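Residues per chain, in single letters:
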Amino acid sequence: MLSSSRTTRPGTAGTADVPERIPVAVLASDPILREGAIGQLRRYPEVDLREESGPGTVALLVGDVLDETALTRLRRLVRSEGARAVLVVGSLRESELLDVIECGVGAIVWRHEATSTRLVQAVLAAARGDGDLPADLLGRLINQVGTLHRSAAGRPGGPSSGLTAREVDVLRLVAEGLDTGEIAGKLSYSERTVKNVIHGLTTRLHLRNRAHAVAHALREGYI
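From a predicted model like this one, the values you see are computed outputs, not experimental measurements.

Visitor: Explain unusual backbone geometry here, please?
Guide: Where the residue is not glycine, phi is negative for most of them; where a peptide bond is considered, it is trans in most cases. Despite not being glycine, Ser188 shows a phi value in the positive range, around 60°. Looking at the element boundaries, Ser188 is found in the loop between helix H7 (180–187) and helix H8 (191–204). Unusually for a residue other than glycine, His206 sits at a positive phi of about 60°. On the secondary structure map, His206 appears in the loop between H8 and helix H9 (210–219). Residue His206 is classed as exposed on the basis of its relative accessible area, which comes to 66%.

The structure is reproduced here in C-alpha coordinates:
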(Lines give C-alpha, C1' and ligand atoms only; values in the text may rest on other atoms or scores of the structure.)
Protein backbone atom coordinates (compact mmCIF):
# COMPACT_ATOMS: atom_id res chain seq x y z
CA MET A 1 0.00 0.00 0.00
CA LEU A 2 0.93 3.60 -0.33
CA SER A 3 -0.24 5.04 2.94
CA SER A 4 0.29 7.85 5.33
CA SER A 5 1.97 6.78 8.56
CA ARG A 6 -0.16 4.37 10.52
CA THR A 7 1.19 2.61 13.59
CA THR A 8 1.40 -1.16 13.21
CA ARG A 9 2.96 -3.17 15.97
CA PRO A 10 5.86 -5.12 14.48
CA GLY A 11 5.39 -8.85 14.27
CA THR A 12 1.59 -8.73 14.17
CA ALA A 13 -1.09 -8.30 11.51
CA GLY A 14 0.03 -6.92 8.17
CA THR A 15 3.40 -8.69 8.12
CA ALA A 16 2.36 -11.99 6.53
CA ASP A 17 4.39 -11.33 3.37
CA VAL A 18 7.53 -10.35 5.25
CA PRO A 19 10.32 -12.90 5.92
CA GLU A 20 10.82 -13.93 9.54
CA ARG A 21 13.97 -11.81 9.75
CA ILE A 22 14.54 -8.81 7.50
CA PRO A 23 18.14 -7.97 6.54
CA VAL A 24 18.62 -4.25 7.15
CA ALA A 25 21.68 -2.10 6.42
CA VAL A 26 21.81 1.36 8.02
CA LEU A 27 23.69 3.95 5.96
CA ALA A 28 24.59 7.50 6.99
CA SER A 29 27.42 9.95 6.40
CA ASP A 30 27.40 10.80 10.10
CA PRO A 31 28.40 7.86 12.37
CA ILE A 32 26.29 9.25 15.22
CA LEU A 33 23.16 9.12 13.04
CA ARG A 34 24.02 5.60 11.95
CA GLU A 35 24.58 4.30 15.46
CA GLY A 36 21.39 5.98 16.65
CA ALA A 37 19.30 4.24 13.99
CA ILE A 38 21.01 0.91 14.65
CA GLY A 39 20.25 1.28 18.36
CA GLN A 40 16.58 1.92 17.57
CA LEU A 41 16.30 -1.18 15.39
CA ARG A 42 18.44 -3.58 17.40
CA ARG A 43 15.63 -4.28 19.88
CA TYR A 44 13.41 -5.89 17.21
CA PRO A 45 14.05 -9.63 16.65
CA GLU A 46 12.58 -9.48 13.12
CA VAL A 47 15.40 -7.11 12.08
CA ASP A 48 18.69 -8.70 11.03
CA LEU A 49 21.23 -5.87 10.97
CA ARG A 50 23.88 -6.11 8.25
CA GLU A 51 27.01 -4.13 7.52
CA GLU A 52 26.32 -3.86 3.77
CA SER A 53 23.25 -3.64 1.56
CA GLY A 54 22.47 -5.96 -1.32
CA PRO A 55 19.66 -7.83 -3.08
CA GLY A 56 16.75 -8.39 -0.71
CA THR A 57 18.16 -6.02 1.90
CA VAL A 58 16.28 -3.02 3.25
CA ALA A 59 18.71 -0.09 3.08
CA LEU A 60 17.89 2.60 5.65
CA LEU A 61 19.53 5.86 4.54
CA VAL A 62 19.66 8.56 7.23
CA GLY A 63 20.51 12.23 6.69
CA ASP A 64 19.58 15.82 7.42
CA VAL A 65 18.84 16.80 3.82
CA LEU A 66 18.73 15.06 0.46
CA ASP A 67 21.69 16.32 -1.56
CA GLU A 68 22.81 15.05 -4.95
CA THR A 69 25.21 12.58 -3.34
CA ALA A 70 22.43 11.03 -1.27
CA LEU A 71 20.08 10.86 -4.27
CA THR A 72 22.76 9.15 -6.36
CA ARG A 73 23.33 6.70 -3.54
CA LEU A 74 19.60 5.92 -3.36
CA ARG A 75 19.48 5.20 -7.08
CA ARG A 76 22.48 2.89 -6.82
CA LEU A 77 21.02 1.05 -3.82
CA VAL A 78 17.74 0.28 -5.60
CA ARG A 79 18.71 -0.02 -9.26
CA SER A 80 22.18 -1.54 -9.08
CA GLU A 81 22.25 -3.38 -5.77
CA GLY A 82 18.63 -4.56 -5.70
CA ALA A 83 17.92 -3.22 -2.21
CA ARG A 84 14.63 -1.75 -0.97
CA ALA A 85 15.21 1.75 0.35
CA VAL A 86 13.88 3.66 3.34
CA LEU A 87 14.80 7.35 3.54
CA VAL A 88 15.01 9.04 6.93
CA VAL A 89 15.49 12.76 6.34
CA GLY A 90 15.11 16.06 8.15
CA SER A 91 13.53 17.93 5.24
CA LEU A 92 12.61 17.38 1.62
CA ARG A 93 12.03 20.06 -1.02
CA GLU A 94 9.10 19.87 -3.44
CA SER A 95 11.50 19.42 -6.35
CA GLU A 96 13.12 16.40 -4.67
CA LEU A 97 10.00 14.47 -3.73
CA LEU A 98 9.15 12.98 -7.12
CA ASP A 99 12.84 12.22 -7.77
CA VAL A 100 12.93 10.18 -4.56
CA ILE A 101 9.79 8.22 -5.44
CA GLU A 102 10.87 7.60 -9.03
CA CYS A 103 14.31 6.35 -8.05
CA GLY A 104 12.60 3.58 -6.08
CA VAL A 105 12.08 4.79 -2.52
CA GLY A 106 8.70 3.70 -1.19
CA ALA A 107 9.11 4.57 2.50
CA ILE A 108 10.07 7.96 3.93
CA VAL A 109 10.33 8.93 7.60
CA TRP A 110 10.88 12.42 9.00
CA ARG A 111 13.83 12.47 11.37
CA HIS A 112 11.81 14.16 14.10
CA GLU A 113 9.32 11.25 13.90
CA ALA A 114 11.96 8.50 13.74
CA THR A 115 11.06 6.55 16.86
CA SER A 116 11.97 2.87 16.99
CA THR A 117 8.34 1.92 16.24
CA ARG A 118 8.17 4.28 13.27
CA LEU A 119 11.47 3.06 11.84
CA VAL A 120 10.58 -0.61 12.02
CA GLN A 121 7.14 0.15 10.54
CA ALA A 122 8.86 1.70 7.52
CA VAL A 123 11.29 -1.24 7.27
CA LEU A 124 8.39 -3.72 7.27
CA ALA A 125 6.57 -1.70 4.59
CA ALA A 126 9.69 -1.58 2.41
CA ALA A 127 10.29 -5.32 2.84
CA ARG A 128 6.73 -5.99 1.62
CA GLY A 129 7.19 -3.65 -1.35
CA ASP A 130 4.57 -1.27 0.07
CA GLY A 131 4.69 2.49 0.31
CA ASP A 132 4.83 4.35 3.61
CA LEU A 133 4.87 8.14 3.45
CA PRO A 134 4.15 10.80 6.07
CA ALA A 135 0.63 12.18 5.54
CA ASP A 136 1.91 15.62 4.54
CA LEU A 137 4.24 14.13 1.93
CA LEU A 138 1.46 12.01 0.45
CA GLY A 139 -0.62 15.15 -0.05
CA ARG A 140 2.34 17.00 -1.56
CA LEU A 141 3.03 14.12 -3.93
CA ILE A 142 -0.55 14.10 -5.20
CA ASN A 143 -0.55 17.88 -5.63
CA GLN A 144 2.82 17.93 -7.36
CA VAL A 145 1.96 15.21 -9.86
CA GLY A 146 -1.44 16.79 -10.45
CA THR A 147 0.30 20.05 -11.34
CA LEU A 148 2.63 18.25 -13.74
CA HIS A 149 -0.31 16.57 -15.39
CA ARG A 150 -2.25 19.82 -15.79
CA SER A 151 0.77 21.53 -17.31
CA ALA A 152 0.93 18.78 -19.93
CA ALA A 153 -2.82 18.75 -20.63
CA GLY A 154 -2.46 20.78 -23.82
CA ARG A 155 0.11 18.47 -25.36
CA PRO A 156 -1.04 16.13 -28.15
CA GLY A 157 -1.74 12.50 -27.37
CA GLY A 158 -3.40 10.81 -24.43
CA PRO A 159 -2.06 8.83 -21.48
CA SER A 160 0.65 6.44 -22.60
CA SER A 161 0.75 3.99 -19.74
CA GLY A 162 -2.17 1.85 -20.94
CA LEU A 163 -3.63 1.06 -17.52
CA THR A 164 -6.70 -1.14 -17.44
CA ALA A 165 -9.85 -0.13 -15.57
CA ARG A 166 -9.10 -2.72 -12.89
CA GLU A 167 -5.55 -1.41 -12.43
CA VAL A 168 -6.87 2.15 -12.11
CA ASP A 169 -9.43 1.04 -9.49
CA VAL A 170 -6.73 -0.68 -7.45
CA LEU A 171 -4.25 2.21 -7.69
CA ARG A 172 -6.89 4.74 -6.71
CA LEU A 173 -7.48 2.83 -3.46
CA VAL A 174 -3.72 2.41 -2.92
CA ALA A 175 -3.39 6.21 -3.20
CA GLU A 176 -6.11 6.60 -0.56
CA GLY A 177 -3.99 4.62 1.90
CA LEU A 178 -5.85 1.30 1.90
CA ASP A 179 -3.89 -1.91 2.41
CA THR A 180 -4.23 -5.08 0.33
CA GLY A 181 -7.02 -6.56 2.44
CA GLU A 182 -9.02 -3.34 2.45
CA ILE A 183 -8.67 -2.97 -1.32
CA ALA A 184 -9.81 -6.57 -1.82
CA GLY A 185 -12.88 -5.92 0.33
CA LYS A 186 -13.77 -2.70 -1.48
CA LEU A 187 -13.50 -4.26 -4.93
CA SER A 188 -14.76 -7.77 -4.02
CA TYR A 189 -11.46 -9.30 -5.11
CA SER A 190 -9.24 -11.78 -3.32
CA GLU A 191 -6.06 -10.41 -1.78
CA ARG A 192 -4.08 -12.55 -4.24
CA THR A 193 -5.88 -10.86 -7.14
CA VAL A 194 -5.00 -7.40 -5.80
CA LYS A 195 -1.35 -8.42 -5.41
CA ASN A 196 -1.32 -9.88 -8.92
CA VAL A 197 -2.80 -6.70 -10.40
CA ILE A 198 -0.14 -4.54 -8.74
CA HIS A 199 2.67 -6.95 -9.60
CA GLY A 200 1.52 -7.11 -13.22
CA LEU A 201 1.41 -3.36 -13.78
CA THR A 202 4.67 -2.63 -11.95
CA THR A 203 6.42 -5.32 -13.98
CA ARG A 204 4.90 -4.25 -17.30
CA LEU A 205 5.66 -0.57 -16.82
CA HIS A 206 9.06 -1.12 -15.12
CA LEU A 207 7.94 0.63 -11.93
CA ARG A 208 9.86 0.23 -8.69
CA ASN A 209 7.07 -0.23 -6.17
CA ARG A 210 3.50 0.77 -5.30
CA ALA A 211 4.47 4.35 -4.53
CA HIS A 212 6.08 4.66 -7.94
CA ALA A 213 2.99 3.09 -9.56
CA VAL A 214 0.71 5.66 -7.91
CA ALA A 215 3.00 8.52 -8.94
CA HIS A 216 3.00 7.18 -12.51
CA ALA A 217 -0.81 6.90 -12.61
CA LEU A 218 -1.16 10.43 -11.24
CA ARG A 219 1.33 11.80 -13.75
CA GLU A 220 -0.57 10.13 -16.62
CA GLY A 221 -3.92 11.46 -15.40
CA TYR A 222 -5.54 8.13 -14.52
CA ILE A 223 -6.22 9.03 -10.89
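Visitor: Got a minute to help me understand the environment of Ala135 in this structure?
Guide: By secondary structure assignment, the location of Ala135 is in helix H5 (residues 135–151). Distance from Ala135 to Gly177, taken between C-alpha atoms, is 9.6 Å for residues 42 residues apart in sequence.

Visitor: Would you take a moment to explain the packing of aromatic side chains for this structure?
Guide: For any pair of aromatic rings, the description consists of the separation of the ring centres together with the inter-plane angle of the planes. Tallied over the entire structure, the rule returns zero aromatic pairs. Sitting above the plane of the Tyr189 ring, Arg166 keeps its charged end 5.8 Å from the centroid.

Visitor: Would you mind showing me how to read the pairing of strand E5 (residues 84–89) here?
Guide: The two faces of a sheet get side chains in turn, since along a regular strand they alternate between them. Extensive coverage of E5 is indicated by the burial of five of its six residues. Summarising the sheet, strand E4 (residues 58–63) and E5 pair through six bridges and their orientation is parallel. From the neighbouring strand, Ala59 faces E5, where its bridge partner is Ala85. One crossover worth recording links E4 to the parallel E5 by way of helix H2 (residues 68–80), and it is right-handed. Tracing the backbone out of E5, into helix H3 (residues 94–102) and back to the parallel element strand E6 (residues 105–110) gives a crossover that is right-handed.

Visitor: Mind showing me how you'd approach helix H4 (residues 116–128) here?
Guide: It helps to recall that an α-helix has 3.6 residues per turn; residues three or four apart then point in one direction. Between the first and last C-alpha of H4 there are 18 Å, a value that for 13 residues agrees with the 18 Å anticipated at 1.5 Å per step. Along H4, the residues classified as buried are Ser116, Arg118, Leu119, Val120, Gln121, Ala122, Val123, Leu124, Ala125, Ala126 and Ala127. Backbone geometry just after H4 places Gly129 at a positive phi near 85°.

About the cut-offs
- Residues numbered from 1 in each chain as written.
- Predicted model: local features only at pLDDT ≥ 70, side-chain atom pairs only at ≥ 80, totals over all residues.
- Heavy atoms only, no water.
- Helix = DSSP H or I, 4+ residues; strand = E, 2+ residues; numbered from the N terminus.
- Buried < 20%, exposed > 50% of the residue type's maximum accessible area, 1.4 Å probe, protein only.
- Phe/Tyr/Trp six-rings, centres within 6.5 Å; stacked < 30°, edge-to-face > 60°.
- Lys NZ or Arg CZ within 6 Å of the ring centre and 35° of its normal.
- Pairing = 2+ DSSP bridges.
- Right-handed = clockwise from strand over helix to strand, strands pointing away.
- Expected span 1.5 Å × (residues − 1).

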